Amino acid sequence: MKSINPNNLAERDNYKFLTGSIIPRPVAFVTTLSKEGVLNAAPFSYFNVVSTNPPMISISVQRKNGEMKDTSRNAISLKEFVVHVSDVSYIHQLNMTAKNLPSNESEVEDANLTVIDSLKISVPGIKEARVRMECVLEEVISLGGTKERPTCELLIGRVVMYHICNELYENGKIDAKGLQPVARLAGNSYAKLGELFELERPT
């Protein structure tokens, strides 16, 4: 087995090892609203569950050249955002939103996605997503780099409303096969939901 000290690696090499080994990663498709009213949207694969009481999720948004991305800046300013679960039905449109657009242009319009109003917050969601969660910002933590120049913002969102497509809702659960989620691997590679198996937890 090869042993490598991450302190001896460039940031890009650490990125390759982390994104190549921590797989598959679910992709959060996040919408936020700027002060000027522009609806921003972007995908993030540094995404997971934090807590179920109350329901909270986390998204790590990496900075670009030391500058906050629109998602972080908007979420921190308005303290609201919507997280959509990525699935095969709209993955090509979702991928288009990864394009670097100026802050005054909407990725939602550029990708020809459909805006839908939220019930609990002011940030709209995307109709094409079959699972979405309205969130309020519970906490934001700047991490990495230095105190003056961190490398990312960890956004902790508290879910205040779930929206689940009727076809996926089964007795209080979500049909994973029906959802057909998309997961991120390394580079330009993605994965669909593969073979399922069950293991009972030991008692």
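Our structure is the block above this text.
Rules used throughout
Residues numbered from 1 in each chain as written. Predicted model: local features only at pLDDT ≥ 70, side-chain atom pairs only at ≥ 80, totals over all residues. Heavy atoms only, no water. Helix = DSSP H or I, 4+ residues; strand = E, 2+ residues; numbered from the N terminus. Rg over C-alpha atoms; globule rule 2.2 N^0.38 Å. Buried < 20%, exposed > 50% of the residue type's maximum accessible area, 1.4 Å probe, protein only. Core = buried A, V, L, I, M, F, W, Y, C linked by side-chain atoms within 4.5 Å. Contact = heavy atoms within 4.5 Å. Pairing = 2+ DSSP bridges. Axes fitted to C-alpha atoms, helices over the stretch in contact; angles between N-to-C directions. 1 Å grid on protein atoms, 1.4 Å probe; cavity = no way out; pocket = protein on both sides within 12 Å on 5 of 7 lines; lining within 4 Å. Points joined across faces, edges and corners; volume = space filled by probe spheres on them.

### What about the overall build of the protein chain?
From N to C terminus, the protein chain includes five helices and 14 strands. By the compact-globule yardstick of 17 Å for 203 residues, the protein chain fits well, its C-alpha radius of gyration being 18 Å. The C-alpha extent of the protein chain, read off along each of the three principal axes, is 50 × 50 × 35 Å. In the protein chain, which comprises 203 residues, the share counted as buried stands at 37%.

### Some words on the nonpolar core
In terms of nonpolar packing, the biggest core is built from 20 residues, with Val-30, Ile-57, Ile-59, Phe-81, Val-83, Met-133 and Cys-135 touching the most fellow members. At the level of secondary structure, the elements contributing two or more residues to this core comprise strand 2 (28-33), strand 3 (39-44), strand 5 (55-62), strand 6 (80-85), strand 9 (131-143) and strand 10 (152-164). Per-element accounting of this core gives the leading share, four residues, to strand 9. Ignoring sequence-local partners within four residues, the contact set of Cys-135 consists of Ile-57, Lys-79, Glu-80, Phe-81, Val-83, Ile-121, Gly-157, Arg-158, Val-159 and Val-160. Formed by 17 residues, the second largest nonpolar core is a distinct cluster that contains Phe-29, Leu-39, Ile-121 and Val-136.

### Focus on the sheet that holds strand 6
Across a sheet, strands are paired by hydrogen bonds formed along the backbone, either parallel or antiparallel in direction. Across the sheet, seven strands lie side by side as 3-2-6-9-10-5-4; this open sheet has antiparallel pairing. If you trace the sheet from one side to the other, it starts and ends with strand 3 and strand 4 (47-52), each paired once. Adjacent strand axes in the sheet meet at a mean angle of 35° when their direction is disregarded. With five bridges connecting them, strand 4 and strand 5 associate as antiparallel partners. Note that in strand 5 the partner of Val-49 across the bridge is Ile-57. In the packing of helix 2 (residues 70-78) onto the sheet, the strands contacted are strand 2, strand 3, strand 5, strand 6, strand 9 and strand 10, and the crossing angle to strand 2 comes to about 55°.

### Some words on the sheet that holds strand 1 (residues 25-26)
As summarised here, the arrangement of the three strands in space is 1-13-14, forming an open sheet in which the pairing is antiparallel. Each end of this open sheet is capped by a strand with a single partner; those strands are strand 1 and strand 14 (190-192). Note: strand 1 against strand 13 (residues 182-184), two bridges, orientation antiparallel. The residue of strand 13 that forms the bridge with Arg-25 is Arg-184.

### Some details on the pairing of strand 5
When you tally the buried positions in strand 5, you get six out of eight residues, the bulk of the element. Turn length for the strand 4-strand 5 hairpin, with the two strands adjacent in sequence and antiparallel, is two residues. Two elements, strand 5 and strand 10, share seven bridges in a ladder whose sense is antiparallel. Following the sheet pairing, Ser-60 is matched in strand 10 by Leu-154.

### Focus on unusual backbone geometry
Cis geometry is found at the peptide bond from Ile-23 to Pro-24, where omega equals -10°. Along the chain, Asn-53 connects to Pro-54 via a cis peptide bond; the corresponding omega equals 0°. Looking at where Pro-54 falls in the secondary structure, it is placed in the loop between strand 4 and strand 5. Non-glycine residue Asn-171 carries a positive phi angle of around 50°.

### Examining the layout of surface pockets
As a volume, the largest pocket reaches approximately 1500 Å³. Around the largest pocket, the lining comprises 43 residues; the ones closest to its centre are Phe-44, Gln-62, Arg-63, Lys-64 and Lys-69. Every element with two or more residues in the lining of the largest pocket is listed here: helix 1 (11-21), strand 3, strand 5, helix 2 and helix 3 (91-96). Counting residues per element, the lining of the largest pocket draws most heavily on helix 1, at five residues. The space that makes up the second largest pocket amounts to roughly 700 Å³. Forming the walls of the second largest pocket are 27 residues, and the residues nearest its centre are Pro-26, Phe-47, Val-49, Val-85 and Leu-179.

None of this, on its own, says anything about what the molecule does.
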